[in-house]
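# Descriptive analysis of the structure
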Amino acid sequence: VQLQASGGGLVQAGGSLRLSCAAPRAITSVFNTYDMGWYRQAPGKQREMVATITTSRNTNYADSVKGRFTISRDNSRKTVALQMNSLQPDDTAVYYCNAKRDLTSSWGQGTLVTVSS
């Protein structure tokens, strides 16, 4: 299952970006049964959770992004989005979309976010 993430780019500190992730055709009919999430990996660091949203739309955020980032899902469009505001240079990373159900976990190819100071 290959998720398609998009929306990354170069932005100045204080700016905003919106990432989007589309579910592949293989899971579109059951997209609403997957917990979705965004993770990121900065150069030289381990991948970390940024935000998650469950099938019942419960959300969870990393402390570092609370109040700045918002995760949402659109089950009709089979997409999950991450609205990122007040971006800081420490937010620079490759952002990955994730889909989880039962014991399975699928990842996308990642989209690069670069925040300049």
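Let me begin by describing the structure that accompanies this report. (Residues numbered from 1 in each chain as written. Predicted model: local features only at pLDDT ≥ 70, side-chain atom pairs only at ≥ 80, totals over all residues. Heavy atoms only, no water.)

## Some details on the pattern of salt bridges
- Overall, the coordinates contain 5 salt bridges when judged by the stated rule.
- Ionic pairing is found between Asp63 and Lys66, a salt bridge with its closest N-O pair at 3.1 Å.
- Using a relative accessible area of 64% as the deciding quantity, one classes Asp63 as exposed. (Salt bridge = Lys/Arg side-chain N within 4 Å of Asp/Glu carboxyl O. Buried < 20%, exposed > 50% of the residue type's maximum accessible area, 1.4 Å probe, protein only.)

## Side note on the packing of aromatic side chains
- This structure, assessed with the given rule, holds 1 aromatic pair.
- Centre to centre, the rings of Tyr39 and Trp107 are 5.0 Å apart; their planes meet at 70°, and the pair counts as edge-to-face. Of the two residues, Tyr39 is situated in strand β4 (residues 35–41) and Trp107 in strand β10 (residues 104–107); the sequence distance between them amounts to 68 residues.
- Look at Tyr39 and you get buried, because its relative accessible area is 12%.
- Exposure remark for Trp107: the relative accessible area of 28% places this residue in the partly exposed category.
- Looking at Arg47, its charged tip hangs above the ring of Tyr96, at a distance of 3.8 Å from the centre. (Phe/Tyr/Trp six-rings, centres within 6.5 Å; stacked < 30°, edge-to-face > 60°. Helix = DSSP H or I, 4+ residues; strand = E, 2+ residues; numbered from the N terminus. Lys NZ or Arg CZ within 6 Å of the ring centre and 35° of its normal.)

## What about the state of the cysteines?
- Under the criterion given, the structure shown has 1 disulfide.
- In this model Cys21 forms its disulfide with Cys97; the gap between the sulfur atoms is 2.1 Å. A torsion of -90° about the S-S bond marks the disulfide between Cys21 and Cys97 as left-handed. Here the residue Cys21 occupies a position in strand β3 (residues 17–22), and Cys97 occupies one in strand β9 (residues 93–101), the gap between them amounting to 76 residues. Of the two residues, Cys21 and Cys97, both sit in the buried class. (Disulfide = S-S within 2.5 Å.)

## Overview of the nonpolar core
- In terms of nonpolar packing, the biggest core is built from 31 residues, with Trp38, Leu82, Met84 and Tyr95 touching the most fellow members.
- If you list the elements that add at least two residues to this core, you get β3, β4, β5 (48–53), β7 (69–74), β8 (79–84), β9 and β11 (111–116).
- Sort the elements by how many residues they give to this core and β9 lands first, with 4 residues. (Core = buried A, V, L, I, M, F, W, Y, C linked by side-chain atoms within 4.5 Å.)

Interpretation note: all reported values are geometric properties and have no functional meaning in isolation.
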